[in-house]
Amino acid sequence: MSSHCQATKALTAAEVADYSRHLDSWEIAQQVDALVLKKSYHLNNFRVGTQFANQITELAESYQHHPEIRLRWGEVDVIWFTHSCNGLRPLDFKMAQKTDDLYCQLTQPQAPHSKEAL
Ligand SMILES: C[C@H](O)[C@H](O)[C@H]1CNC2=NC(N)=NC(=O)C2=N1
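Residues numbered from 1 in each chain as written. Predicted model: local features only at pLDDT ≥ 70, side-chain atom pairs only at ≥ 80, totals over all residues. Heavy atoms only, no water.

Novice: Before we go on, may I ask you to explain the sheet that holds strand β4 (residues 75-80) in this structure?
Specialist: Strand pairing in a sheet takes place through backbone hydrogen bonds and is either antiparallel or parallel in direction. Read from one edge of the open sheet, four strands run β1-β2-β4-β3, paired in antiparallel fashion. Of all strands in the sheet, those bounded by a partner on one side alone are β1 (27-31) and β3 (68-72). In this sheet, neighbouring strand axes are inclined to one another by 25° on average, regardless of whether the strands run parallel or antiparallel. Relative to β4, strand β2 (residues 34-42) runs antiparallel, the two sharing six bridges. Residue Y41 lies in a different strand from β4, and its bridge partner there is V76. The strands touched by helix α4 (residues 90-107) are β2 and β4; relative to β2, the strand with the most contacts, the crossing angle is about 5°. (Pairing = 2+ DSSP bridges. Helix = DSSP H or I, 4+ residues; strand = E, 2+ residues; numbered from the N terminus. Axes fitted to C-alpha atoms, helices over the stretch in contact; angles between N-to-C directions. Contact = heavy atoms within 4.5 Å.)

Here it is, written out as structure tokens:
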């Protein structure tokens, strides 16, 4: 166990259940011996899937917290967990929400009241 890990323990199963109530459609999955947050996103083609993966990369770099990403035509799977604790931390839930926000920005049309639409 690293010193960072001792300072920041993984959430308990009960805490994970509580945090996950605020997320939309993220699965809590067991991966080897750790709980992880997992979601599959649908994209129209490989290029936009790659764009999404690149945006997640920028997000990950800005927080120095990095997910697993699986990219294939029409789909991007994202898995968040904290390696150093081999489990979930509040930051993983924050990153999951931010990933959803990126997906919405990328796939949903501009708000009708934006300047461009006037
Ligand atoms: C030093 C650096 O911040 C750490 O190695 C970070 C990098 N990105 C990370 N990402 C994730 N998901 N878990 C970590 O424990 C982790 N550690």
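Novice: What exactly am I supposed to notice about the pairing of β1 here?
Specialist: Two faces belong to every sheet, and in a regular strand the side chains alternate between them. Here five bridges tie β1 to β2, and the two strands are oriented antiparallel to one another. Its bridge partner lying in β2, A29 is registered against V36. As consecutive antiparallel partners, β1 and β2 are separated by two residues, and within that stretch V32 has a phi angle of approximately 55°, a positive value.

Novice: Any chance you could explain the site of the ligand here in plain terms?
Specialist: The immediate surroundings of the ligand are formed by Q64, H65, H66, F81, T82, H83 and S84. F81 is positioned with one of its backbone polar atoms (N or O) 2.7 Å from a nitrogen atom of the ligand. Contact with the protein chains hides 59% of the accessible area of the ligand, taken as 390 Å² for the molecule alone. Each residue belonging to the shell around the ligand can be placed in one class, and the counts come to one nonpolar, six polar and no charged. (Near = heavy atom within 4 Å. Polar contact = N/O pair within 3.5 Å; in protein donor to acceptor, adjacent residues only side chain to side chain. Areas by Shrake-Rupley, 256 points an atom, 1.4 Å probe, with all protein chains shown as cover. Nonpolar A, V, L, I, M, F, W, Y, C, P; charged D, E, K, R; others polar.)

Novice: In this structure, what is going on with the packing of helix α3 (residues 46-63) against α4? I would like to understand it.
Specialist: Pairs of packed helices are described in terms of their axes, by the angle between the two and the distance that separates them. Viewed as axis vectors pointing N to C, α3 and α4 meet at an angle of 145°, and their least axial separation amounts to 10 Å. Pair α3 / α4 crosses with right-handed handedness. Packed against α3, whose contacting residues are V48, Q51, F52, Q55, I56, L59, A60 and Y63, the element α4 presents L91, K94, M95, K98, T99, L102, Y103 and L106 at the interface. (Left-handed = near helix turned anticlockwise from the far one by under 90°.)

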